[in-house]
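Breakdown of the fold
If you want the building blocks of each chain, they are given just below.
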Amino acid sequence: MSMSRTLSVINPRTGETDYKITAVDAQGVAKVADRLRAAQPDWRAQGIDARGDALRSLADALDDGAKSVMDALEIDTGRRRLAQSEVQGVIGMLRGWAALAPTLLPEPDWVQGRAKPNFKHQTDYVPYQLTGVISPWNFPITLSFIDAVQALMAGSCVLIKPSEVTPRFADALLPIIAQAGLSDIIAFVQGDGATGAALIPNVDCVCFTGSVATGRKVALAAAENLIPANLELGGKDPLIITPSADMDRATSLALRASVLATGQACQSIERVYVPTNDYESFVKQISDKAHDISFNYPDISFGDIGPFIFYKQAAIASAQIEDAKSKGATVLSGGVVERHGGGYWMAPTVIRDVTHDMDIMREETFGPVIPVMAYDTIKDAIALANDTAFGLSGAVFAGSIEEAHTIGRQIDAGAISLMDGALTGQYFEAPKQSFKASGLGGSRMGADGFRRFFRQKAYIANTTCPLTIKDFSEDG
Ligand code: NAD
């Protein structure tokens, strides 16, 4: 029996429940999936250039209707400028992939066999019919489209389950998708984990962005259904500063890369390693700079950082800070959850004298927290950077790109920012895969981010007379 569940949605700036969604149940998900599947053969048959045109039309419609989506996303996330740049970013992704994807597929051609020249083969690239996307709350529209656009260009239809914490933007997108004529090609199903779980048996390939714990569940469900799972999970990204680094730049970049988006980005710097000789001046400089950072409150159009999007994240960050304090760390700035206007806020929190026995150095914080630890030798710094269950990304700030590169080669993670930090949030063109518990599957960036959505299908032709059973006979 189908039972509809209504979910309340909290506004991160007011703490009030001011939005509701109806969670789509398993039957409802199956119905939407059927609708998309019915449209997919035509979508594929149109060809890649026509699909590019369709996505350009969607980009144009989103450009025209950007304000309504930005406004919804602003309420979802409690921040204005990043909401605007997220929407602009999706417009760029649509146009960018529309131009690039057609250049990435080789023209079908016959290849003559090497060992057996009487055979030849040709490869067809067959898209998955329906791609499922399950996205988190921290960059709601970006992470709903960061895999979906390539899947669409490949000829797949896409079913997206946004986070129940930030669902408003998806409702605002529906008329725009309809205006572009793509309602049977791209669909959203609103709901929580139950809706996400119901999506997996209904799709042919799943792209999940979220926490490690949920990622494991998605991987298991995908295995059960024998579909590929592309998992982009959490991180605990280290930043190594070397003795030759410019400490003014190092402190500014460490602060930005840790607290941008209130630290609610998978690629945020969550651990900073500084040479012992520079430690005192580094922590003083970075905490002085941290004191200059303001909340975008009460007026959203002024200030540097927004509230926690999901109030539960404030409790996680706070518990990690308390754990660190109880084990001997000292908080130099921020460090407490502040309540303003019903929202949950935290000022940039510099913590000194941390060790790897503390949760703050081992578990994802997803808050504006900068734990700084001293090291004696570069070898020690690298060992500390690698002492983690995660391997999403990392960063090195040194005296030169070359020096940073040498150290970066020894960090066990899928993307290393050199002479900066958290660059995967600014630059989307470098192929990268997640190491360790940070994920599974091919790169979402670069050409592989498109090729993931195809299976290779071989046509093998015999140019001579087929063999008979006697050709394989024991007595032959
Ligand atoms: P989450 O794992 O709690 O939820 C993510 C999504 O999964 C939501 O849409 C949720 O409804 C859905 N879900 C929950 N249970 C499910 C189930 N059993 N089956 C299917 N779907 C289910 O993550 P979150 O708290 O929304 O997001 C924060 C996390 O996302 C952080 O750990 C962060 O590091 C990670 N993240 C990773 C990247 C990346 O690219 N690697 C980017 C952004 C965020």
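Residues numbered from 1 in each chain as written. Predicted model: local features only at pLDDT ≥ 70, side-chain atom pairs only at ≥ 80, totals over all residues. Heavy atoms only, no water.

As annotated in an unreviewed UniProt entry, the protein carries the name Aldehyde dehydrogenase and is attributed to Algimonas porphyrae. For the record of the protein, the UniProt heading Sequence similarities (unreviewed entry) holds the text "Belongs to the aldehyde dehydrogenase family." (UniProt positions renumbered as here; feature names shortened; annotations may be inferred.)

1. Comments concerning the overall build of the protein
A count of helices and strands for the protein gives 15 helices and 22 strands. Taking 2.2 N^0.38 as the reference for a compact globule, 476 residues should give roughly 23 Å; the C-alpha atoms of the protein span a radius of gyration of 25 Å, in line with that estimate. Dimensions of the protein along its principal axes, counting C-alpha atoms only, are 80 × 55 × 40 Å. Pairs at least 24 apart in sequence give 72% of the contacts found in the protein among residues at least 6 apart. Looking at the protein as shown, the accessible area adds up to about 20800 Å², and 54% of this sits on carbon and sulfur atoms. (Helix = DSSP H or I, 4+ residues; strand = E, 2+ residues; numbered from the N terminus. Rg over C-alpha atoms; globule rule 2.2 N^0.38 Å. Contact = heavy atoms within 4.5 Å. Areas by Shrake-Rupley, 256 points an atom, 1.4 Å probe, with all protein chains shown as cover.)

2. Describing the pattern of salt bridges
Tallied over the entire structure, the rule returns 26 salt bridges. Measuring nitrogen to oxygen at the nearest pair gives 2.8 Å for the salt bridge that ties aspartate 18 to arginine 168. In this pair, aspartate 18 sits in strand E2 (residues 17-23) while arginine 168 sits in helix H7 (residues 168-179), placing the two residues 150 residues apart along the sequence. For arginine 168, a relative accessible area of 4% corresponds to the buried category. Residues joined in a network through salt bridges with shared partners are Asp147, Glu232, Lys432, Arg444 and Arg452. (Salt bridge = Lys/Arg side-chain N within 4 Å of Asp/Glu carboxyl O. Buried < 20%, exposed > 50% of the residue type's maximum accessible area, 1.4 Å probe, protein only.)

3. Remarks on the side chain of aspartate 323
Mapped onto the elements, aspartate 323 comes out in helix H12 (residues 311-326). Looking at aspartate 323, the relative accessible area reads 15%, which means it is buried.

4. Digging into the nonpolar core
Counting residues in each nonpolar core, the largest one holds 81 residues, and the members touching the most others are Phe145, Leu159, Leu182 and Val206. Counting residues in hydrophobic clusters, the runner-up holds 28 residues, among them Ile269, Ile305, Trp345 and Val350. (Core = buried A, V, L, I, M, F, W, Y, C linked by side-chain atoms within 4.5 Å.)

5. Remarks on the UniProt feature "active site" (unreviewed entry) in the protein
Taking the numbering used here, the UniProt-annotated feature "active site" (unreviewed entry) corresponds to Glu232. Mapped onto the fold, glutamate 232 is located in strand E9 (residues 229-232). Owing to a relative accessible area of 9%, glutamate 232 belongs among the buried residues under this scheme. Sequence-distant contacts of glutamate 232, that is, excluding residues within four places in its chain, are made with Phe208, Thr209, Gly210, Lys432, Ser434, Ser438 and Arg444.

6. A word on the UniProt feature "domain: Aldehyde dehydrogenase" (unreviewed entry) in the protein
The UniProt feature table records "domain: Aldehyde dehydrogenase" (unreviewed entry) at residues 4-458. Across residues 4-458, the secondary structure splits into 38% helix and 21% strand, with the terminal C-alpha atoms separated by 45 Å.

7. Overview of the sheet that holds strand E3 (residues 111-112)
Across a sheet, strands are paired by hydrogen bonds formed along the backbone, either parallel or antiparallel in direction. If you trace the three strands from one edge of the open sheet to the other, you get E3-E4-E22, paired in antiparallel fashion. A single partner strand is all that each edge strand has here, and the edge strands are E3 and strand E22 (454-462). Of the strand pairs in this sheet, strand E4 (residues 119-127) and E22 are connected by nine bridges, and their pairing is antiparallel. Counterpart to phenylalanine 119 in the pairing with E22 is asparagine 462. (Pairing = 2+ DSSP bridges.)

8. Structural notes on unusual backbone geometry
A cis geometry characterises the amide bond from tyrosine 297 onward to proline 298, with omega recorded as 5°. In this model, threonine 262 sits at a positive phi of 60°, which is unusual for a non-glycine residue. Threonine 262 sits in the buried class, given a relative accessible area of 2%. Look at aspartate 353: it is not a glycine, yet its phi comes out positive at around 60°. On the basis of relative accessible area, aspartate 353 is assigned to the partly exposed category, the value being 35%.

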